[in-house]
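Chain residues, written in single-letter form:
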Amino acid sequence: MRRKREVTERKPWTARVLTLFPEMFPGPLGQSLAGKALEKGLWRLETSDIRSFATDKHKTVDDTPFGGGAGMVMRPDVVDAALEAATQDGLGPAIYLTPRGQRVEQALVRDWAAGPGMVLVCGRYEGLDERVIEARGLLEISLGDIVLSGGEPAALAMIDACVRLLPGVMGAEETLEEESFERGLLEYPHYTRPAEWKGRMVPEVLLSGHHEKIRAWRHAEAEAVTKLRRPDLWAAYEKTSPRALKHKNTRRKED
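Residues numbered from 1 in each chain as written. Predicted model: local features only at pLDDT ≥ 70, side-chain atom pairs only at ≥ 80, totals over all residues. Heavy atoms only, no water.

We now examine the overall build of the protein chain. Looking only at helices and strands, the protein chain has nine helices and nine strands in total. Within the protein chain, the fraction of its 255 residues that count as buried is 36%. On the protein chain, roughly 16,600 Å² of surface is accessible, and the fraction owed to carbon and sulfur atoms is 51%. (Helix = DSSP H or I, 4+ residues; strand = E, 2+ residues; numbered from the N terminus. Buried < 20%, exposed > 50% of the residue type's maximum accessible area, 1.4 Å probe, protein only. Areas by Shrake-Rupley, 256 points an atom, 1.4 Å probe, with all protein chains shown as cover.)

This is the structure:
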């Protein structure tokens with residue numbers, strides 16, 4: 001007798017947020033493409049109130065730092081209890097959003113979007129007790145070289161970055177392929193109607209209908225803006241791009 005094949009339905013990509021302010025969610029994630037995808041069940045958003053894991057009658061989640069200093073620190077026992085509940089089903093990675101973390105990049109976002117989801121810990125005050133970060137192996141991630149009042153705005157941004165890469169969320173997949181960072185470059189400039197605006201004309205090549213010339217123009221513009229605005233990206237691009245390497249070798253010969 002033939003065995004029936006077991007059909008396992010994949011669970012939707014899940015963002016599980018540990019926060020002291022769950023009312024901040026879904027916020028902008030409930031609008032536009034992310035909001036429509038959330039309604040369709042293409043992804044899930046779960047929030048967990050860290051304060052609910054405090055055990056004293058005042059629901060205390062923070063305390064003064066050992067060694068003195070300004071501000072308060074989130075208690076390791078409370079945050080650990082919240083993480084224990086949030087990671088029981090194996091959802092991960094578990095990410096702590098902090099200015100001192102590794103700066104998020106599009107490659108990381110692609111990896112997270114390809115997985116089952118993520119657990120995001122939103123810090124407040126001066127941050128988390130170091131011991132819970134070490135004990136739980138939290139991945140420390142920063143949105144950029146800025147300091148926010150808490151991890152919630154960063155969580156909203158990171159979830160949005162992941163959700164838009166999920167299958168069925170964006171209409172045209174080729175749009176994703178040409179965005180900033182996808183090919184190691186910033187995105188080329190865009191133009192639409194009218195063709196002339198306040199004396200400024202749309203580049204003639206974009207009106208030509210010659211797709212190969214348009215593609216070459218856009219790539220050249222992407223290279224130019226990347227070289228000008230992000231020397232770090234350009235340096236990495238030059239090491240790997242055959243086109244950039246060719247230009248570099250040509251310049252050397254001319255010199």
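Still more ground to cover, so stick around.
For the rest of this paragraph, the subject is the confidence of the model for the protein chain. Residues at a pLDDT of 70 or more form 87% of the protein chain, whose mean pLDDT is 91. Segment residues 1–8: pLDDT under 50, and zero contacts once partners within four positions in sequence are set aside and those in other chains are kept. (pLDDT = per-residue confidence, 0-100. Contact = heavy atoms within 4.5 Å.)

Now for the pattern of salt bridges. The full count for this structure, using the stated rule, is 14 salt bridges. One salt-bridge network, in which partners are shared between bridges, spans Arg-16, Arg-44, Glu-46 and Asp-89. (Salt bridge = Lys/Arg side-chain N within 4 Å of Asp/Glu carboxyl O.)

Here helix α7 (residues 211–229) crosses helix α8 (residues 231–240) at 125 degrees, and the two axes come no closer than 6 Å. Between α7 and α8, the angle is such that the two are oblique. Here His-219, Glu-223, Thr-226, Lys-227, Leu-228 and Arg-229 of α7 come into contact with α8, specifically with Pro-231, Leu-233, Trp-234 and Tyr-237. In terms of residue class, the contact of α7 with α8 is built from five nonpolar, two polar and three charged. (Axes fitted to C-alpha atoms, helices over the stretch in contact; angles between N-to-C directions. Parallel < 35°, antiparallel > 145°, perpendicular 65-115°, else oblique. Nonpolar A, V, L, I, M, F, W, Y, C, P; charged D, E, K, R; others polar.)

The sheet built from five strands is open, its strands ordered β2-β1-β6-β5-β7 with parallel pairing. On the outer flanks of this sheet lie β2 (43–49) and β7 (139–142), each paired with one strand and no other. Neighbour-to-neighbour, the strand axes of the sheet open up by a mean angle of 35 degrees, direction not taken into account. The sheet contact formed by strand β5 (residues 94–103) and strand β6 (residues 117–122) spans four bridges and is parallel. Each residue of the ladder has a partner; that of Tyr-96, found in β6, is Val-121. (Pairing = 2+ DSSP bridges.)

In this fold, Val-104 is placed in the loop between β5 and α3 (106–114). Considered as a pair, Val-104 and Gly-144 are 40 residues apart in the sequence and their alpha carbons are 7.3 Å apart.

Contact geometry for α3 and helix α5 (residues 152–163): axes closest at 8 Å, N-to-C directions at 70 degrees. In terms of their interaxial angle, α3 and α5 are classed as roughly perpendicular. Note on packing geometry: the crossing formed by α3 with α5 is right-handed. For the pair formed by α3 and α5, the contact residues are Val-109, Trp-112 and Ala-113 on the first element and Met-158, Ala-161 and Cys-162 on the second. For the contact of α3 with α5, the residue count by class is six nonpolar, no polar and no charged. (Left-handed = near helix turned anticlockwise from the far one by under 90°.)

Let us now look at the packing of aromatic side chains. A full pass over the atoms with the stated rule returns two aromatic pairs. Centre to centre, the rings of Tyr-191 and Trp-217 are 6.5 Å apart; their planes meet at 55 degrees, and the pair counts as tilted. Separated by 26 residues along the polypeptide, Tyr-191 in the loop between α6 (173–177) and β8 (196–197) and Trp-217 in helix α7 bring together distant segments of the chain. The partly exposed category is assigned to Tyr-191, whose relative accessible area is 44%. Measuring from ring centre to ring centre gives 5.3 Å for Trp-234 and Tyr-237, while their planes differ by 40 degrees; the resulting arrangement is tilted. Taken together, the positions of Trp-234 and Tyr-237, both in helix α8 and three residues apart, correspond to about one turn of that helix. In this pair, the class of Trp-234 matches that of Tyr-237, namely buried. (Phe/Tyr/Trp six-rings, centres within 6.5 Å; stacked < 30°, edge-to-face > 60°.)

Moving on, we get to the pairing of β5. Each regular strand displays side chains that alternate between the two surfaces of the sheet. Pairing of β5 with β7 involves five bridges; the strand directions are parallel. What sits directly across from Tyr-96, in β7, is Glu-140.

Turning next to unusual backbone geometry. Cis peptide bonds are those with omega within 30 degrees of zero, and the linkage from Gly-92 to Pro-93 qualifies with 10 degrees. With respect to the helices and strands, Pro-93 occurs in the loop between α2 (76–86) and β5. Following Arg-193, the chain continues into Pro-194 via a peptide bond in cis, with omega recorded as 5 degrees. Relative to the elements of secondary structure, Pro-194 occurs in the loop between α6 and β8.

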